[in-house]
Amino acid sequence: MKQLDMEFTSENGKEKHLRMNYASQNLDETTVKTAMQAIAELKMFEVDFANPYAHPVGANYTERTVTPIFKAEKPAKTDA
């Protein structure tokens, strides 16, 4: 599964990411830019009196690959 990773700069100049696991997998640049600008303008999150999502910077899809090394069996439950 791909994750949509939207990068913003806060009003304090800090880098901030907003990641979505269940976003559409075929969004175009215009759609994502428009959505990110709407998020910035809403100012719905405020941290230390500053909007963390003030300025859209970029977006990408990220895929994560998990390679198992080992997995221990869970201990059996005992009725105590």
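Use the structure listed above.
A few points on the structure.

## Re the pattern of salt bridges
Side-chain pairs of opposite charge can arise whenever the charged atoms involved come near each other. On inspection of all chains with the given rule, the structure shows 2 salt bridges. A salt bridge links Arg19 to Asp5, with the shortest nitrogen-to-oxygen separation between them at 3.7 Å. Remark: Asp5 occurs in strand E1 (residues 2–9) and Arg19 occurs in strand E2 (residues 15–20); sequence separation between them is 14 residues. For Asp5, a relative accessible area of 9% gives the class buried. The salt bridge involving Glu29 is made with Lys33; its shortest N-O contact spans 2.9 Å. Of this pair, Glu29 and Lys33 both sit in helix H1 (residues 29–42), 4 residues apart, which is roughly one turn of the helix.

## Quick notes on unusual backbone geometry
Even without glycine at this site, Asp48 takes up a positive phi of about 55 degrees. Tracing the backbone through its elements, the reader meets Asp48 in the loop between H1 and strand E3 (55–63). Of note in this structure, Phe49 is not a glycine but carries a positive phi near 60 degrees. Position of Phe49 relative to the elements: it lies in the loop between H1 and E3.

## Comments concerning the pairing of E2
With 6 bridges joining them, E1 and E2 adopt antiparallel strand pairing. Looking at the pairing, Thr9 lines up with Glu15 of E2. In textbook terms, the turn of a hairpin is the stretch between consecutive antiparallel strands, and for E1 and E2 this stretch comprises 5 residues, one of which, Gly13, has a positive phi near 85 degrees.

## Observations concerning H1
End to end, H1 covers 20 Å across 14 residues, agreeing with the expected 20 Å (1.5 Å per residue, within 8%). Listing the buried residues of H1 in full gives Val32, Met36, Ile39 and Ala40. Seen along its axis, H1 keeps its buried residues to an arc of 100 degrees; they face one direction. Seen from the open side of H1, the exposed residues pointing more than 90 degrees away from its buried face are Thr30, Thr34, Glu41 and Leu42. Where H1 is buried, its residues meet E1, E2 and E3.

## So, the side chain of Asn51
Turning to its location among the elements, Asn51 is positioned in the loop between H1 and E3. One polar contact links the side chain of Asn51 to the main-chain carbonyl oxygen of Ala40, over a distance of 3.1 Å. Setting aside residues no more than four positions away along its own chain, Asn51 makes contact with Ser10, Glu11, Ala40, Lys43 and Phe45.

What counts and how
- Residues numbered from 1 in each chain as written.
- Predicted model: local features only at pLDDT ≥ 70, side-chain atom pairs only at ≥ 80, totals over all residues.
- Heavy atoms only, no water.
- Salt bridge = Lys/Arg side-chain N within 4 Å of Asp/Glu carboxyl O.
- Helix = DSSP H or I, 4+ residues; strand = E, 2+ residues; numbered from the N terminus.
- Buried < 20%, exposed > 50% of the residue type's maximum accessible area, 1.4 Å probe, protein only.
- Pairing = 2+ DSSP bridges.
- Expected span 1.5 Å × (residues − 1).
- Arc of directions from axis to C-beta.
- Contact = heavy atoms within 4.5 Å.
- Polar contact = N/O pair within 3.5 Å; in protein donor to acceptor, adjacent residues only side chain to side chain.

Worth remembering: the numbers are spatial, not functional.
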